[in-house]
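# A closer look at the structure
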Amino acid sequence: QVQLVESGGGLVQSGDSLRLSCAASGRTFSGYTMGWFRQAPGKEREVVAVITWDSGYRQYEDSVKGRFTISRDNAKNTVDLQMNSLKPEDTAVYYCAATTGPPARSESGYDYWGPGTQVTVSS
């Protein structure tokens, strides 16, 4: 089992940058595929980015391609999401998730979740 805690959220203006971090504890972090998801008010939770255990595969939701970058440091048990050129439509609660399975774009593919961190982008 792994415990996840997100940090780095906040209130920013359109065009600004934020870096989210997810700290993992528990079982061997390097064995997990990690994902970042987000949920905006009134909407379903959606995948933002996914990264495999060795960083060899990364996948992004279309609306964040070229703006967001997912990375991980297995030595520090962290996975980060660098978010640039933020837009008001990026406003959501952002969640970190982990799975021992293959990379998945659905939340049902993940076993462990953090409590989330709020990101608000004002226009």
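The structure we're discussing is the one just above.
Values in this document were obtained by computation on a predicted structure and should not be read as measured data.

### Some words on the sheet that holds strand β3 (residues 18-26)
In a beta sheet, neighbouring strands are held together by backbone hydrogen bonds and run either parallel or antiparallel to one another. Across the sheet, which stays open at both edges, the four strands sit in the order β1-β3-β8-β7 with antiparallel pairing between neighbours. Looking at strand neighbours, the two that pair on one side only are β1 (2-7) and β7 (68-73), the edges of this open sheet. On average, each strand axis in the sheet is inclined to that of its neighbour by 15°, with strand direction left out of account. Sheet analysis places β3 next to strand β8 (residues 78-83), joined by six bridges and oriented antiparallel. For alanine 23, the partnering residue across the bridge sits in β8 and is threonine 78.

### Remarks on the pattern of salt bridges
Per the counting criterion, the structure on display carries seven salt bridges. For arginine 38, the salt bridge is made with glutamate 61, and the minimal N-O distance between the two is 3.9 Å. Placement of arginine 38 in strand β4 (residues 33-39) and of glutamate 61 in the loop between β6 (58-60) and β7 is noted, with a sequence separation of 23 residues between them. Here the two residues arginine 38 and glutamate 61 agree in accessibility, since each one is buried. Of the charged contacts, one joins aspartate 62 and lysine 65 as a salt bridge, the two residues approaching to 3.1 Å between their closest N and O atoms. The network of salt bridges with common partners includes Arg38, Glu46, Glu61, Arg67 and Asp90.

### Overview of the side chain of aspartate 90
On the secondary structure map, aspartate 90 appears in the loop between β8 and β9 (92-99). Within polar-contact distance, the side chain of aspartate 90 engages the side chain of arginine 38 at 2.9 Å. Excluding its chain neighbours within four sequence positions, the residues that come into contact with aspartate 90 are Arg38, Arg67, Phe68, Ser85, Val119 and Val121.

### Examining the packing of aromatic side chains
Inspection of the entire model under this criterion finds five aromatic pairs. Residues tyrosine 110 and tryptophan 113 carry aromatic rings whose centres are separated by 6.2 Å and whose planes lie at 65° to one another, so their mutual orientation is edge-to-face. Since its relative accessible area comes to 25%, tryptophan 113 is described here as partly exposed. Through successive ring pairs, a cluster of aromatic residues spans Phe37, Tyr95, Tyr110 and Trp113. The residue whose ring lies beneath arginine 45 is tyrosine 95, and the NZ or CZ to ring-centre distance is 4.5 Å.

What counts and what doesn't
- Residues numbered from 1 in each chain as written.
- Predicted model: local features only at pLDDT ≥ 70, side-chain atom pairs only at ≥ 80, totals over all residues.
- Heavy atoms only, no water.
- Pairing = 2+ DSSP bridges.
- Helix = DSSP H or I, 4+ residues; strand = E, 2+ residues; numbered from the N terminus.
- Axes fitted to C-alpha atoms, helices over the stretch in contact; angles between N-to-C directions.
- Salt bridge = Lys/Arg side-chain N within 4 Å of Asp/Glu carboxyl O.
- Buried < 20%, exposed > 50% of the residue type's maximum accessible area, 1.4 Å probe, protein only.
- Polar contact = N/O pair within 3.5 Å; in protein donor to acceptor, adjacent residues only side chain to side chain.
- Contact = heavy atoms within 4.5 Å.
- Phe/Tyr/Trp six-rings, centres within 6.5 Å; stacked < 30°, edge-to-face > 60°.
- Lys NZ or Arg CZ within 6 Å of the ring centre and 35° of its normal.

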